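A structural walkthrough
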There are 2 protein chains.
Amino acid sequence: MNVVAQLQEELGDLVELDESALEAARADSSGHAAAGRPLAIVHAESVAHVQQTLRIATATRTPVVVRGAGTGLAGAANAGAGEIVLSTRRMDAVVEIRADDLLAVVEPGILNADLNRLLAAHGVWWAPDPASREISTVGGNIATGAGGLLCAKYGVVRDAVLGIDLVLADGRLLHLGHRSVKGVTGLDLTSLVIGSEGTLGVIVGATLKLRRLVEGSPCTVTAIFPDVRSAAAASAAVTASGVQPAIMELMDAASLAAVHALLGLPTPPLGAAQLTIQTDGPAAIPEADMIATILRTHEGDTVLSHDPDEGERLLAIRRSMHAAMTTLGTTLIEDVSVPRSAMPEMFDEIARIEREYGLTIPTVAHAGDGNLHPNFIFEGPDTPPHIWAAADELFRAAIRLGGTLTGEHGIGVLKRRWLVDELGSDQWELQRQIVRVFDPHGILNPGKVFSSDA
Amino acid sequence: MNVVAQLQEELGDLVELDESALEAARADSSGHAAAGRPLAIVHAESVAHVQQTLRIATATRTPVVVRGAGTGLAGAANAGAGEIVLSTRRMDAVVEIRADDLLAVVEPGILNADLNRLLAAHGVWWAPDPASREISTVGGNIATGAGGLLCAKYGVVRDAVLGIDLVLADGRLLHLGHRSVKGVTGLDLTSLVIGSEGTLGVIVGATLKLRRLVEGSPCTVTAIFPDVRSAAAASAAVTASGVQPAIMELMDAASLAAVHALLGLPTPPLGAAQLTIQTDGPAAIPEADMIATILRTHEGDTVLSHDPDEGERLLAIRRSMHAAMTTLGTTLIEDVSVPRSAMPEMFDEIARIEREYGLTIPTVAHAGDGNLHPNFIFEGPDTPPHIWAAADELFRAAIRLGGTLTGEHGIGVLKRRWLVDELGSDQWELQRQIVRVFDPHGILNPGKVFSSDA
């Protein structure tokens, strides 16, 4: 009996073979698609379904690609020929909310924003806020180690998970971590699974570390600068002042122009870059006032609003970035991260690559934490070689500046060929061996992250 | 040529054979000592010395116990017969301080407090503050995943390390992590090494995540309650109010009485327990005032001070706990951690164990994060069987309440026999296999953490 028939025998209607669904599972939000079409999609509705699927996969040595909402940006959840798609999207229950212990126990398929709407009624929230939060799952956020706009003040996923329930490739269920704030019992496998991109096991549950809702309304400051370097210098001055913004986003000239065009706003001055900053909490107003003063000192054309609705309107310009990029062509969104002080140099490197390759690379940055998203734009579905060559220069520059290939999107398939450059071959090989401990037959997301033949 | 002669040939005077030094390396601050005396102590002064030592150890299959300042409380750095002690205490340089990037690069042997004195001149600090911070090394803090008094507000070691330089058992040097705030490149081996207690490699350098110094002076509130349960309920009310104290320490009656006796203070009322709370930052005064109101509502006999010197005097009572315990006999300091809401139940369990075993178990708790330190007191150097039986009940109660064996001290040798109870045998075996990837010949701290024959 072939693997699909075995899955159907055990899991019945949970096994989907619809062609358009299989076709959709080939790609994520990166636009990149796997070669060929997967065998089947299993829509797991319980831990037992995940375990059954993995036992069949292990017995038949069939590769398994775990998938949440498919909003990844590195291709890690893309499934191709000969692979089973294991979707945990239907496992979306919130098992427990304990505001007194600042924790929640959830299934992996719940959307980040849906969870936060439920939590708000209890006066708490889960801080990780990837830009995709309305459409991405908590399980996917954990599997990629997602970041977001609020990270500099409120941390990334790694800071916000106490425990993970993990099904191994052979179907065994492990409970990693604990419910207490502190705990150093054995190796920290919870952290190891965060950002492991489906290579170590299937996340079937998570104990999340919550925060109390921030009181009051945010204040928003935007400022236009004559060029990106002066905007970067102003953001560095904000950081150096000791004020901690909740959000500090930088848009370069090409980004700003594309968004203004999309939204029908007046064309910004040639070369102009923008900072968008939000403060929150009890000191939101004095902090916003102080930031406005700093930006004006740096000759930013500054707008300050204490009104949250006006603030959302100002922030909408930044939030429209991804939509604006898609109007320009196919986009390869990069994700380098550097020490904060190296941001101006990183912008210089991007300008150099633009000149050398004859490209425009619209770039936004989470300026509070040094994470930049340069967007490579091209025609057609496949990334052309000269774009990869330019991206290669970008990655090497980031590593040279003490940074990393990927701040929050992950390696997936799109960055696997550079992984060894950052890790070094000894560490790369050690990491592969650790993966083999979890997945001895190599059936979990094979070819992702650690594949050497990229 | 035997291993000591090989070490001497390559490392000369860095190899110490002095009997009293070897004798001292058998024990840490737990009071527990390894059987037999180690072969030699290597005082590494550079990464190269660490690598040379490990190459000799691998070639001769000689076990290596890494040691910092020897302040551990679980016996993980205790070295016995046939083992090499590899001390990184002399590697105490601060390589780099970058206040703008909120990071510092340090060698492992620097004392936590010495580092923080240097950082203060740059307006920054490293938040982990184990009670041993004046005498414990940063490398040891990382190896144990140390906590401290400030964790509920400022995090533990796991939250404060960006990267680790690690020498493997075979002498190869790996650079784990990065200098940027964000980064999800491959598996998070930095987190895996934090708390690994010398089983994965030798920490020879660390890139630390810093915070800006907190402005202003702390405020201090203490309150005496008729019993420990009402003190625990009052601390829960403080947590529920949403105010975030920097420090919130609970002392039960036996602890309080012992410290008062040590310091020559008036005997506290029979059964009385105490909360000691500090607030800091821009809202320190209103937060302390609010906390004092809550404690008085819970009928605590409350003292509030806005004066930092008076605050230090009040906190000295809590800081004298360890000294007070040593006046009572030999101490086995336990370290269970539970979800905050389970603290009153955990105190009930301790009271039950006291009754059933005819013991007094003085207990202090980091009440802000649910981490309790029950102290078992006995005569003589060895922990008697009935004390272990009582500790066994304690551990099982903590795990039953959703907690953990060890919040911040680690497993070492003293808790290894319970590790499998918390992890489950599948996870325990998986963790052992991961250790073997780093250390195939099992020469790094053998018998610690994962030994099954405890």
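Because the structure is a prediction, the values reported are computed rather than measured.

**Side note on the nonpolar core**
Membership of the largest hydrophobic core comes to 182 residues, with the highest contact counts inside it found for Trp126(A), Ile142(A), Trp126(B) and Ile142(B). Within the second largest apolar cluster, 24 residues are counted, among which are Ala44(B), Val64(B), Ile84(B) and Ala169(B).

**Considering the relation of the copies chain B and chain A**
In the superposition of chain B on chain A (RMSD 0.0 Å, axial shift 0.0 Å), the rotation amounts to 180°. The superposition of one copy onto the other is thereby described by a two-fold rotation axis. Mapped onto chain A, 100% of the interface residues of chain B again fall at the interface, so both copies present the same surface.

**Comments concerning the packing of aromatic side chains**
By the definition in use, this model includes six aromatic pairs over all chains. Geometrically, the ring pair formed by Phe395(A) and Trp418(A) is edge-to-face, given 4.7 Å between the ring centres and 70° between the ring planes. Here Phe395(A) is found in helix H14 (residues 385-400), whereas its partner Trp418(A) is found in helix H15 (residues 416-423), with 23 residues between them in sequence. Like Trp418(A), Phe395(A) is buried. Note on Trp388(B) and Trp418(B): the rings are 5.5 Å apart at their centroids and 35° apart in plane angle, and the pair reads as tilted. Placement of Trp388(B) in helix H14 (residues 385-400) and of Trp418(B) in helix H15 (residues 416-423) is noted, with a sequence separation of 30 residues between them. Classification of Trp388(B) as buried rests on a relative accessible area of 13%. What makes Trp418(B) buried here is its relative accessible area of 3%. Lying across the ring of Trp388(A), Arg417(A) places its NZ or CZ 5.1 Å from the centre.

**Section: the side chain of Asn141(B)**
Residue and element names in this part refer to chain B. Inspection of the secondary structure assignment puts Asn-141 in helix H5 (residues 138-144). A distance of 3.2 Å separates polar atoms of two side chains, one belonging to Asn-141 and the other to Ser-136. In this structure, Asn-141 is in contact with Asn-112, Trp-126, Pro-130, Ser-136, Ala-146 and Val-157, ignoring residues within four places of it in sequence.

**Some words on the domain arrangement of chain A**
Residue and element names in this part refer to chain A. What the domain assignment reports for chain A is domain 1 (3-87), domain 2 (94-212) and domain 3 (219-400). A separation of 28 Å is found between the C-alpha centroids of domain 2 and domain 3. At the junction of the two partners, domain 2 supplies eight residues and domain 3 supplies 11 residues. Of all residues in domain 2, Leu-149, Ala-152 and Lys-153 give up the largest surface area on contact with domain 3, accounting jointly for 67% of the area buried on that side. At the surface where domain 2 touches domain 3, the tally comes to one salt bridge. In this structure, Lys-153 and Asp-280 form a salt bridge, with 2.7 Å as the shortest nitrogen-oxygen distance. Taken together, the connections running from domain 2 to domain 3 amount to two residue pairs in polar contact (both at pLDDT 80 or more). The class makeup of the residues in the side of domain 2 that touches domain 3 is five nonpolar, one polar and two charged.

Rules behind the numbers
Residues numbered from 1 in each chain as written. Chains lettered and ligands numbered in written order. Predicted model: local features only at pLDDT ≥ 70, side-chain atom pairs only at ≥ 80, totals over all residues. Heavy atoms only, no water. Core = buried A, V, L, I, M, F, W, Y, C linked by side-chain atoms within 4.5 Å. Buried < 20%, exposed > 50% of the residue type's maximum accessible area, 1.4 Å probe, protein only. Least-squares fit on C-alpha atoms with pLDDT ≥ 70 in both. Contact = heavy atoms within 4.5 Å. Phe/Tyr/Trp six-rings, centres within 6.5 Å; stacked < 30°, edge-to-face > 60°. Helix = DSSP H or I, 4+ residues; strand = E, 2+ residues; numbered from the N terminus. Lys NZ or Arg CZ within 6 Å of the ring centre and 35° of its normal. Polar contact = N/O pair within 3.5 Å; in protein donor to acceptor, adjacent residues only side chain to side chain. Domains from an automatic or database assignment. Buried area = accessible area lost by both parts, 1.4 Å probe. Salt bridge = Lys/Arg side-chain N within 4 Å of Asp/Glu carboxyl O. Nonpolar A, V, L, I, M, F, W, Y, C, P; charged D, E, K, R; others polar.

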